[in-house]
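Next come the chains, spelled out residue by residue.
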Amino acid sequence: MGMAMRLRFIAKDPESPDGDSSTVWVDEENSDLVIQGLKADDGTEEECRRTGRIPEHEGVFRVPARMVRALREACDVAERGADRRTAEGHGTDGRSPGDA
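Report follows, based on the coordinates. From a predicted model like this one, the values you see are computed outputs, not experimental measurements.

## Side note on the nonpolar core
If you look at the biggest cluster of nonpolar residues, it comprises 9 residues: Ile 10, Ala 11, Val 24, Val 26, Met 67, Ala 70, Ala 74, Val 77 and Ala 78. Looking at this core, the elements that each hand over two or more residues are strand S1 (7–12), strand S2 (23–27) and helix H2 (68–87). It is H2 that contributes the most residues to this core, 4 residues altogether. Other than its neighbours up to four places away in sequence, Val 26 contacts Arg 6, Leu 7, Arg 8, Ile 10, Ser 31, Asp 32, Leu 33, Ala 74, Val 77 and Ala 78.

This is the structure we're talking about:
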């Protein structure tokens, strides 16, 4: 992942006691959502594993319900970016549709 990312800040949890969490960004290159949240506890992770394994390079995070509006905004921003790239002849991953 040596590629430089351009993250568009969407919102930070206004009720975070220390102002460090939760945070939502959109990667302007590929419209991926980037989410910072509390690491899920072991019980939550175990429940998530009922639907499949969690690879070592992935994690499960909690984002407070009060951040739903920020997530919705991030989804709208990401969708507009993906639509723009598609209209320009690129897929949502930033590559042309015929690229492998």
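What follows continues from the structure just given.
## Section: the side chain of Asp 13
One can find Asp 13 in the loop between S1 and S2. By relative accessible area, Asp 13 is classed as buried at 5%. Among the polar contacts made by the side chain of Asp 13, one reaches the side chain of Arg 66 at a distance of 2.8 Å. Sequence-distant contacts of Asp 13, that is, excluding residues within four places in its chain, are made with Ser 21, Ser 22, Pro 64, Arg 66 and Met 67.

## Overview of the side chain of Ser 16
Residue placement: Ser 16 occurs in the loop between S1 and S2. Side-chain polar atoms of Ser 16 contact the side chain of Asp 18, separated by 3.2 Å. Here the side chain of Ser 16 touches Ser 21 through a polar contact of 2.9 Å, landing on its backbone oxygen.

Calculation criteria
- Here the residue numbering is sequential within each chain, running from 1 through the sequence in written order.
- At least 70 in pLDDT is required for a residue's local features to be given in this predicted model, at least 80 for side-chain atom pairs to be given and counted, and no such filter applies to totals for whole chains, interfaces and linings, which use all residues.
- The basis for every side-chain value is the complete set of heavy atoms in the structure, and neither hydrogens nor water enter the calculation.
- In this description, a nonpolar core means a group of buried Ala, Val, Leu, Ile, Met, Phe, Trp, Tyr and Cys residues linked to one another through side-chain atoms lying within 4.5 Å.
- Buried, partly exposed and exposed residues are distinguished by accessible area as a fraction of the type maximum, computed with a 1.4 Å probe on protein chains only: under 20%, between the cut-offs, and over 50%, respectively.
- By the criteria applied, helices consist of DSSP H or I runs no shorter than four residues and strands consist of E runs no shorter than two, each listed in order from the N terminus.
- Only heavy atoms matter for contacts: two residues are in contact if any of them lie within 4.5 Å across the pair.
- Polar contact is the term for a pair of N or O atoms within 3.5 Å; when the atoms are in protein, one must be able to donate a hydrogen and the other to accept it, and sequence-neighboring residues count only if both atoms are side-chain atoms.

Structural measurements only, silent on function.
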